[in-house]
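# Descriptive structure summary
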There are 2 protein chains.
Amino acid sequence: MKKAVMVFSGGIDSVCAAAHLSEQFDVYGISFLYGQRAGPEIESAKYFVDKIGMKQHHILDISFMESLYGKSNVLTDSKLSMPETFDYSIVVPVRNAIFLSISSAWAFSLGAELVAYGAHTGDTSYPDCRPVFTDAFENAMNLGESDGISSGIRRPIRIWSPYKEGISKSTLLKMGLDALGDDIFLTWSCYSGGDKQCGRCESCRNRKNAFNEAHIQDKTIYSTSSDF
Amino acid sequence: MKKAVMVFSGGIDSVCAAAHLSEQFDVYGISFLYGQRAGPEIESAKYFVDKIGMKQHHILDISFMESLYGKSNVLTDSKLSMPETFDYSIVVPVRNAIFLSISSAWAFSLGAELVAYGAHTGDTSYPDCRPVFTDAFENAMNLGESDGISSGIRRPIRIWSPYKEGISKSTLLKMGLDALGDDIFLTWSCYSGGDKQCGRCESCRNRKNAFNEAHIQDKTIYSTSSDF
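Now for a quick tour of the structure.

### Observations regarding the sheet that holds strand β4 (residues 114–116) of chain A
Residues and elements named next belong to chain A. If you walk across this open sheet you meet the five strands as β3-β2-β1-β4-β5, and the pairing is parallel. The open sheet has two edge strands with one neighbour each: β3 (56–61) and β5 (158–160). Across this sheet, the average inter-strand angle for adjacent strands is 20 degrees, counted without regard to direction. Packed onto the sheet, helix α1 (residues 12–21) meets β1 (2–7), β2 (25–33), β4 and β5 and runs at close to 180 degrees relative to β1.

### Here we look at the state of the cysteines
Residue and element names in this part refer to chain B. This structure, assessed with the given rule, holds zero disulfides over all chains. The closest cysteine sulfur to the non-disulfide-bonded C129 is located on C16, 16 Å from its own sulfur. With no disulfide partner, C204 has as its closest neighbouring cysteine sulfur the one in C190, 3.8 Å distant. The exposure class assigned to C204 is buried, which follows from its relative accessible area of 0%.

### Re the interface of chain B and chain A
Taken together, the contact pairs 42 residues of chain B with 42 residues of chain A. Buried surface at the junction of chain B and chain A, summed over both partners, amounts to about 3400 Å²; 72% is from carbon and sulfur atoms. At the junction of chain B and chain A, the tally comes to zero salt bridges. Counting across the chain B and chain A interface gives three residue pairs in polar contact (both at pLDDT 80 or more). Every element with two or more residues in the side of chain B that touches chain A is listed here: β3 (56–61), α3 (65–69), α4 (95–110) and α5 (131–145) of chain B. Element by element, the count of residues in the side of chain B that touches chain A is highest for α5 of chain B, at 10 residues.

### Side note on the pairing of β1 of chain A
Residue and element names in this part refer to chain A. Here β1 pairs with β2 via six bridges, running parallel. Residue pairing for β2: K3 is matched across the bridge by D26. As paired strands, β1 and β4 are joined by three bridges and run parallel to one another. The residue bridging A4 from the neighbouring strand is L114, located in β4.

### Observations concerning the sheet that holds strand β5 (residues 158–160) of chain B
Residues and elements named next belong to chain B. The parallel open sheet is built from five strands, whose spatial order is β3-β2-β1-β4-β5. Edge strands, defined here as strands with exactly one partner in the open sheet, are β3 and β5. Within the sheet, the average angular offset between the axes of one strand and its neighbour, ignoring direction, is 20 degrees. Note: strand β2 (residues 25–33) against β3, six bridges, orientation parallel. Pairing of S31 across the sheet is with I59, part of β3.

### Thoughts on the packing of α4 of chain B against α5 of chain B
All names here are of chain B. Between α4 and α5, the shortest axis-to-axis distance is 11 Å and the interhelical angle comes to 40 degrees. Here α4 is positioned oblique relative to α5, judged by the angle of their axes. Here the hand of the crossing between α4 and α5 comes out right-handed. Mapping the contact onto sequence places A97, L100, S101, S104 and F108 in α4 and F133, F137, M141, N142 and E145 in α5. Considering only residue class, the contact of α4 with α5 consists of six nonpolar, three polar and one charged.

### What about the relation of the copies chain B and chain A?
When chain B is fitted onto chain A, the two copies agree to an RMSD of 0.0 Å after a turn of 180 degrees and an axial shift of 0.0 Å. Both copies of the chain, as the preceding transformation shows, are related through a two-fold rotation axis. Residue by residue, 100% of the interface of chain B is reproduced at the interface of chain A, so both copies engage with the same surface.

### Structural notes on the environment of S101 of chain B
Examined against the element boundaries, S101 of chain B turns out to sit in helix α4. Put simply, S101 of chain B and V132 of chain B are 31 residues apart on the chain and 16 Å apart in space, counted from C-alpha to C-alpha. With sequence-adjacent residues up to four places away left out, S101 of chain B is seen in contact with V94, A97, I98 and S101 of chain A together with F137 and M141 of chain B. Among the polar contacts made by the side chain of S101 of chain B, one reaches the main-chain carbonyl oxygen of I98 of chain B at a distance of 3.1 Å.

### Concerning the side chain of H120 of chain A
Residues and elements named next belong to chain A. The topology assignment puts H120 in the loop between β4 and α5 (131–145). Separated by 3.1 Å, the side chains of H120 and D13 make a polar contact. Apart from residues no more than four positions distant in its own chain, H120 is found in contact with D13, P162, Y163, I167, S168, K169 and L172.

### Thoughts on the pattern of salt bridges
Scanning all chains against the criterion turns up 14 salt bridges over all chains. A salt bridge links E113 of chain B to R155 of chain B; its shortest N-O distance comes to 3.4 Å. Highlighted residues: E113 of chain B in the loop between α4 and β4 (114–116) and R155 of chain B in the loop between α5 and β5, separated in sequence by 42 residues. Its relative accessible area of 17% is what places E113 of chain B among the buried residues. We classify R155 of chain B as partly exposed; its relative accessible area is 42%. Several salt bridges share partner residues, and in doing so they unite D135, E138 and K164 of chain A into one network.

### Structural notes on the packing of helix α6 (residues 169–180) of chain A against helix α7 (residues 202–213) of chain A
All names here are of chain A. Running from amino to carboxyl end, α6 crosses α7 at an angle of 75 degrees, the nearest separation of the two axes being 8 Å. Compared by their axis directions, α6 and α7 come out roughly perpendicular. Here K169, S170 and L173 of α6 lie close against α7, whose contacting residues are N206, R207, A210, F211 and E213.

Definitions and limits used
- Residues numbered from 1 in each chain as written.
- Chains lettered and ligands numbered in written order.
- Predicted model: local features only at pLDDT ≥ 70, side-chain atom pairs only at ≥ 80, totals over all residues.
- Heavy atoms only, no water.
- Pairing = 2+ DSSP bridges.
- Helix = DSSP H or I, 4+ residues; strand = E, 2+ residues; numbered from the N terminus.
- Axes fitted to C-alpha atoms, helices over the stretch in contact; angles between N-to-C directions.
- Contact = heavy atoms within 4.5 Å.
- Disulfide = S-S within 2.5 Å.
- Buried < 20%, exposed > 50% of the residue type's maximum accessible area, 1.4 Å probe, protein only.
- Buried area = accessible area lost by both parts, 1.4 Å probe.
- Salt bridge = Lys/Arg side-chain N within 4 Å of Asp/Glu carboxyl O.
- Polar contact = N/O pair within 3.5 Å; in protein donor to acceptor, adjacent residues only side chain to side chain.
- Parallel < 35°, antiparallel > 145°, perpendicular 65-115°, else oblique.
- Left-handed = near helix turned anticlockwise from the far one by under 90°.
- Nonpolar A, V, L, I, M, F, W, Y, C, P; charged D, E, K, R; others polar.
- Least-squares fit on C-alpha atoms with pLDDT ≥ 70 in both.

The structure is reproduced here in structure tokens:
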């Protein structure tokens, strides 16, 4: 079977995308620890690695990123308050470039043909989720591995995301429900780090909206029961 | 003063390039630990951080790369023998892409305009040293940070190397000698991990050749005294 390396946070997007890909690929997952508040995401990642039947899974600690980004980022700094609507401060610069370069190195080593991440058409606010970035990054990776004159020693890769195929979050959740059933409600989306997902941060609100749009009854247990 | 983030191994190329850049930029250095044999390079890096007067220096541990590359790479696996001539097995796939993506993230956070690494015109065998890769990677980074429609929140970066300006290793060493004097002989190039540099591996041979071409008397102390 063909091989795909997947950036696998354990959030609902990457879980649904990995479940979809596993129908055509042996999936090799990478989860990154970088001091984000969302520890439960990693627990979710481990659960779904087995559920999806991944061939291998690595958890890589890149928490040194905190020392570079400093205090300016709410995903790595617990002292900053979590915004309820989109705010550029929650974007770690070129975070996906770091994830994808490490994943691409593994893909070249494995002879995998695909490097995947869970970006979808709702991620327009994140520049490193957009297909124009994905395509440019794919080009750079293949030039970085091929001598550009004759063919490279290792096979070229493609960088794939739902966004590149025009797949929205709600469509992605439907694909996830088809593949995994009610288990998808066990995925973690919340930016905050409580026992239950807050239901109020931008990520929780996007999750609720997507279930709504997909006409899927949301069985996620949130700490705030009220609708927004 | 303008800011530059530099991938700074402590090898002779990055030391000479950093010394050159420090005439025009405040330099912020990053050294990566990834299980390479060349521990003395990091000691050299620390020494030259002070000598060059860098504003900040981070040593980041990405030795998890060993678990991804496995046993196929002599730079991370001490059981494999060191080839004396160029061999593709010594190339960690897209290694510079990993270094440059992390460095670019830091550059965006700092508002630095340059991200530099020490590739020169002798590095033709390494695809991720060549300007065609550097340009493609620069394009990807800026698309990953800008929304691609309006301008990005953070300033765009340029990726710079001596190679992009057509600078050879011997020219680079002359620039280094001008800036640092005989201290450049304290830099570490050797792929092996002894007390002294072996003088025989590909990297030592390139170093000797470059001093020769530059008509600089090589005062490096090698463990093998004979010429090659």
